[in-house]
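A closer look at the structure
Residue strings, one per chain:
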Amino acid sequence: MNKVEKKALLNILFFPILFLIIMWVVKLVEYNFEIYFADYGVRPQSLSGLKGILFSPFIHGDFKHLINNSYPILILGGMLFFFYKKIAKQLFVWLFFIAGFWLWIIGGIGNEGLNPHIGASGVIYALAAFLLVSGIIRKNPRLYAVSMIIIFLYGSMIWGVIPPEVLGGRPTNISWQGHLAGFMAGTI
């Protein structure tokens, strides 16, 4: 890989890596200082919960949660910045805030608003939905191929937008509301 290719790759991955670094620093601060930032998550339909729109994607319940969100942020973020260079930064920011705001609106459904919503899943679902839908509607062969890759890699994510009890499962602490909010943000 020559210098030009390395610079191009760094430009593509800079924003997703920066996002990951913040996520990991937050978790390492929590772990090393034995504090927990969940109170900075989205608390639906409460004024104090609005701060979660900004902070919740960087807060994770444990290292497994963090790792499970790290790969998709890097992969989907990289795809966004590679295929949509001109609009990627603005789009990422819009998806981030729209998914968070909609989670703030719908997050209490089936949750009674008791637990704050944390994690980057809303952003991940927004990125996946955008890459999927945009590739299909733009009728560009390269972007259509991206849509097919998204279906192949992340197609099973669709089950994450449905409450587990609807599918015959037990309620979990996984925020299907965050998934749904992100999916809607990315689709629109």
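Refer to the structure printed above.
Now for a quick tour of the structure.

Rules used in this analysis
- Residues numbered from 1 in each chain as written.
- Predicted model: local features only at pLDDT ≥ 70, side-chain atom pairs only at ≥ 80, totals over all residues.
- Heavy atoms only, no water.
- Helix = DSSP H or I, 4+ residues; strand = E, 2+ residues; numbered from the N terminus.
- Rg over C-alpha atoms; globule rule 2.2 N^0.38 Å.
- Buried < 20%, exposed > 50% of the residue type's maximum accessible area, 1.4 Å probe, protein only.
- Contact = heavy atoms within 4.5 Å.
- Areas by Shrake-Rupley, 256 points an atom, 1.4 Å probe, with all protein chains shown as cover.
- Lys, Arg positive; Asp, Glu negative; His and termini not counted.
- Charge placed at Lys NZ, Arg CZ, Asp CG, Glu CD.
- Salt bridge = Lys/Arg side-chain N within 4 Å of Asp/Glu carboxyl O.
- Expected span 1.5 Å × (residues − 1).
- Polar contact = N/O pair within 3.5 Å; in protein donor to acceptor, adjacent residues only side chain to side chain.
- Phe/Tyr/Trp six-rings, centres within 6.5 Å; stacked < 30°, edge-to-face > 60°.
- Lys NZ or Arg CZ within 6 Å of the ring centre and 35° of its normal.

1. A short note on the overall build of the protein
- Looking only at helices and strands, the protein has 7 helices and 0 strands in total.
- For the protein, the sequential pattern of α-helices and β-strands runs α-α-α-α-α-α-α.
- Taking 16 Å as the expected radius of gyration for a compact globule of 188 residues, we find that the protein reaches 17 Å, a close match to that expectation.
- When each of the 188 residues of the protein is scored for burial, the buried share is 43%.
- Counting only contacts in the protein whose residues sit at least 6 apart along the sequence, the fraction spanning at least 24 positions is 75%.
- Total accessible area on the protein is roughly 10800 Å²; 69% of this is exposed by carbon and sulfur atoms.
- In the protein, which carries 14 positive and 7 negative side-chain charges, the distance between the mean positions of the two groups comes to 19 Å.

2. Details of the pattern of salt bridges
- The tally for this structure, following the rule as stated, stands at 2 salt bridges.
- Taking the shortest distance from any N to any O, the salt bridge between Glu30 and Lys27 comes out at 2.6 Å. One end of the pair is Glu30 and the other is Lys27, both in helix H1 (residues 3–33) and 3 residues apart, which spans about a single turn. Both residues of the pair, Glu30 and Lys27, belong to the buried class.
- With a shortest N-O distance of 3.2 Å, Arg43 and Asp39 are connected by a salt bridge.

3. Here we look at helix H7 (residues 176–187)
- For H7, built from 12 residues, the straight-helix expectation of 16 Å at 1.5 Å per residue is met to within 8% by its first-to-last C-alpha distance of 16 Å.
- Those residues of H7 that fall on the buried side of the exposure criterion are Trp176, Gln177, Gly178, His179, Ala181, Gly182, Ala185 and Gly186.
- In the core, the buried residues of H7 are packed alongside helix H4 (88–106) and helix H5 (121–137).

4. As for unusual backbone geometry
- Phi at Glu34 takes a positive value of approximately 50°, unusual for a residue other than glycine.
- Here Glu34 is to be found in the loop between H1 and helix H2 (51–55).
- For Glu34, a relative accessible area of 74% gives the class exposed.
- Positive phi is not limited to glycine here, since Gln45 has a value of about 55°.

5. Observations concerning helix H3 (residues 63–83)
- With 21 residues, H3 should cover 30 Å at 1.5 Å per step; its first-to-last C-alpha distance of 30 Å lies within 8% of that length.
- Along H3, the positions that sit buried rather than exposed are Leu66, Asn69, Ser70, Pro72, Ile73, Leu76, Gly77, Gly78, Met79, Leu80 and Phe81.
- For H3, the capping residue at the N-terminal end is Asp62, with a side-chain oxygen 3.2 Å from the backbone nitrogen of Lys64.

6. Here's the deal with the packing of aromatic side chains
- Scanning the model with the defined rule gives 15 aromatic pairs in all.
- With a centroid separation of 5.0 Å and an interplanar angle of 65°, the aromatic rings of Tyr84 and Phe130 are classed as edge-to-face. Taken together, the residues span a long stretch of sequence, with Tyr84 in the loop between H3 and H4 and Phe130 in helix H5 at a distance of 46 residues. As far as the burial class goes, Tyr84 and Phe130 line up, both buried.
- Between Phe101 and Trp104 the ring centres are 5.9 Å apart and the planes differ by 25°, which places this aromatic pair in the stacked class. Within this pair, Phe101 and its partner Trp104 are both found in helix H4, separated by 3 residues, close to a single helical turn.
- Here the aromatic cluster, defined as three or more aromatic residues joined through ring pairs, consists of Phe15, Phe19, Phe58, Phe81, Phe92, Phe96 and Phe97.
- The ring of Phe82 carries Lys85 above its face, with NZ or CZ at 4.6 Å from the centroid.

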